[in-house]
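Listed here are the chains, written in short residue letters.
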Amino acid sequence: MPLSNNVIGCINFITVLLSIPVIGAGIWLAIGTVNSCVKILQWPVIILGVLILLVGLAGFIGGFWRITWLLVVYLIAMLVLIVLLGVLVGFIYMVTIKGAGHPEPSRAYLEYSLQDYSTWLRRRVQRSYKWERIRTCLSTTSICPELNQRYTLALDFFNAHLDPIQSGCCKPPTKCGFTFVNPTYWISPIDMSADMDCLQWSNDQNTLCYSCDSCKAGLLANIKVDWLKADLFLLLALIGLIIVYIIGCCAFRNAETEDIFRKYKQGYT
């Protein structure tokens, strides 16, 4: 019996370790320059990771000290958390599967369209009261000002591989036909009827294209990349948790069988 207890305790300690990448993915999403302005996914991931940690600790304690009711609670709660984590992994993949940048002639960077992204993601940025907070947050970062320090010539800028958020928010869309002065200052053409974003552009460094749909699309493109990276860590943690959970269930069943056999043997003798 002590051997079985130790095995169950060690297995559940692995569960505690597997909560680390889940919590880490949530923290990583929370501290990123772009993601810190869009508080959507960070806290659900962190909370789920903390719950896995606490349930894993409960199973660890129940295994080593042979607290049967605590092990039962662990098995039920962990199953629920595994299902929730699986749903979260699938959800992130489904809402980020759509959307990609579009090339423009004589430009190395890509342009982004808001309509390319999933309806759920678009709703996070299309509502004015939500976007106003995000826009204010983005305008206080160094995302756009750093372009002026890095590029002074138009050719260098046009050959630059900009981040989606820089392409969408820090310059007017290429189709507007603006003339380059520096990365965040452009001379407007006579005709700006190509797109509403052309009218939204301003050389005011606190405005730029932060109100443009291209900025919202660039933000979603950045989010998509970061979320897919986090989703990979969550998927690996999910696979590990499923394997550990199955082994834990088998070990618990074997321990219960040994306990029944021990009681039967004692009663026989």
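Residues numbered from 1 in each chain as written. Predicted model: local features only at pLDDT ≥ 70, side-chain atom pairs only at ≥ 80, totals over all residues. Heavy atoms only, no water.

- Going by an unreviewed UniProt entry, the chain carries the name Protein TORNADO 2-like and comes from Arabidopsis arenosa.
- UniProt annotates the chain under Sequence similarities (unreviewed entry) with the comment "Belongs to the tetraspanin (TM4SF) family."
- What UniProt states about the chain under its Subcellular location (unreviewed entry) heading is, verbatim, "Membrane". (UniProt positions renumbered as here; feature names shortened; annotations may be inferred.)

Examining the overall build of the chain
So, point 1. Along the chain, the regular secondary structure elements total 10 helices and 4 strands.
So, point 2. Taken across its 269 residues, the chain has 45% of its residues classed as buried.
So, point 3. Counting contacts in the chain only where the partners sit at least 6 residues apart, residues at least 24 apart contribute 68% of the total.
So, point 4. Carbon and sulfur atoms form 67% of the exposed surface of the chain, whose accessible area is close to 13800 Å². (Helix = DSSP H or I, 4+ residues; strand = E, 2+ residues; numbered from the N terminus. Buried < 20%, exposed > 50% of the residue type's maximum accessible area, 1.4 Å probe, protein only. Contact = heavy atoms within 4.5 Å. Areas by Shrake-Rupley, 256 points an atom, 1.4 Å probe, with all protein chains shown as cover.)

Focus: the environment of K216
So, point 1. Relative to the helices and strands, K216 resides in helix α10 (residues 213-268).
So, point 2. The spatial distance from the C-alpha of K216 to the C-alpha of Q126 is 7.9 Å, given a sequence separation of 90 residues.
So, point 3. Those residues within four positions of K216 in sequence are excluded, and the remaining contacts are L114, V125, Q126 and W131.

Focus: unusual backbone geometry
So, point 1. Not every positive phi belongs to a glycine, and S106 is a case in point at roughly 60°.
So, point 2. In this structure, S106 sits in the loop between β1 (102-103) and β2 (110-111).
So, point 3. We classify S106 as exposed; its relative accessible area is 63%.
So, point 4. The phi dihedral of L208 falls on the positive side, at around 45°, and the residue is not glycine.
So, point 5. Of note, L208 is situated in the loop between α9 (196-200) and α10.

Let's talk about the pairing of strand β3 (residues 179-182)
So, point 1. Judged from the 3 bridges that link them, β3 and strand β4 (residues 185-187) form a sheet pairing that is antiparallel. If you follow T179 over to β4, its bridge partner there is I187.
So, point 2. Here β3 hands over to β4 after 2 residues, the two strands then running antiparallel side by side. (Pairing = 2+ DSSP bridges.)

Considerations on a nonpolar patch on the surface
So, point 1. Residues W43, I47, V50, L51, L54 and L57 make up a contiguous nonpolar surface patch of roughly 560 Å² in combined accessible area.
So, point 2. Along the chain, V50 falls in helix α2 (residues 42-64).
So, point 3. Exposure remark for V50: the relative accessible area of 33% places this residue in the partly exposed category. (Patch = residues over 30% accessible without salt bridge, like charges linked within 9 Å, V, L, I, M, F, W, Y side chains within 5 Å. Salt bridge = Lys/Arg side-chain N within 4 Å of Asp/Glu carboxyl O.)

Examining the packing of helix α4 (residues 119-126) against helix α5 (residues 128-139)
So, point 1. Two elements in contact, α4 and α5, have axes separated by 6 Å at closest approach and are oriented at 70°. Looking at the two axes, α4 sits roughly perpendicular to α5. When α4 is examined against α5, the residues R123, R124, V125 and Q126 are found in contact with a partner set consisting of S128, K130, W131 and I134. (Axes fitted to C-alpha atoms, helices over the stretch in contact; angles between N-to-C directions. Parallel < 35°, antiparallel > 145°, perpendicular 65-115°, else oblique.)

With respect to the state of the cysteines
So, point 1. In this structure the tally under the stated criterion is 5 disulfides.
So, point 2. Covalently, C144 is tied to C170 through a disulfide, its sulfur atoms 1.9 Å apart. Here C144 and C170 share a disulfide; its torsion about the S-S bond, -80°, makes the bridge left-handed. Of this pair, C144 sits in the loop between α5 and α6 (145-150) while C170 sits in the loop between α8 (164-169) and β3; the two residues are 26 residues apart in sequence, bridging distant segments of the chain.
So, point 3. On the basis of relative accessible area, C144 is assigned to the buried category, the value being 1%.
So, point 4. Residue classification places C170 among the buried residues on the basis of a relative accessible area of 1%.
So, point 5. Linked covalently through their sulfurs, C169 and C215 form a disulfide whose S-S length is 1.9 Å. The disulfide joining C169 to C215 has a torsion of about 90° about its S-S bond and is therefore right-handed. Placement of the pair is C169 in helix α8 and C215 in helix α10, with a sequence separation of 46 residues.
So, point 6. Judged by its relative accessible area of 1%, C169 falls in the buried class.
So, point 7. In the chain, numbering the disulfide-bonded cysteines from first to last in sequence yields the connectivity 1-2, 3-5, 4-10, 6-7, 8-9. (Disulfide = S-S within 2.5 Å.)

Overview of the pattern of salt bridges
So, point 1. For the structure shown, the criterion picks out 4 salt bridges.
So, point 2. Here K171 and E111 are joined by a salt bridge, their closest N and O atoms 2.7 Å apart. Placement of the pair is K171 in the loop between α8 and β3 and E111 in strand β2, with a sequence separation of 60 residues.
So, point 3. Take E111: its relative accessible area is 9%, and that puts it in the buried class.
So, point 4. For R150, the salt bridge goes to E146, with nearest N and O atoms at 3.5 Å. Taken as a pair, R150 and E146 lie in helix α6 at a separation of 4 residues, close to a single helical turn.
So, point 5. Using a relative accessible area of 28% as the deciding quantity, one classes E146 as partly exposed.

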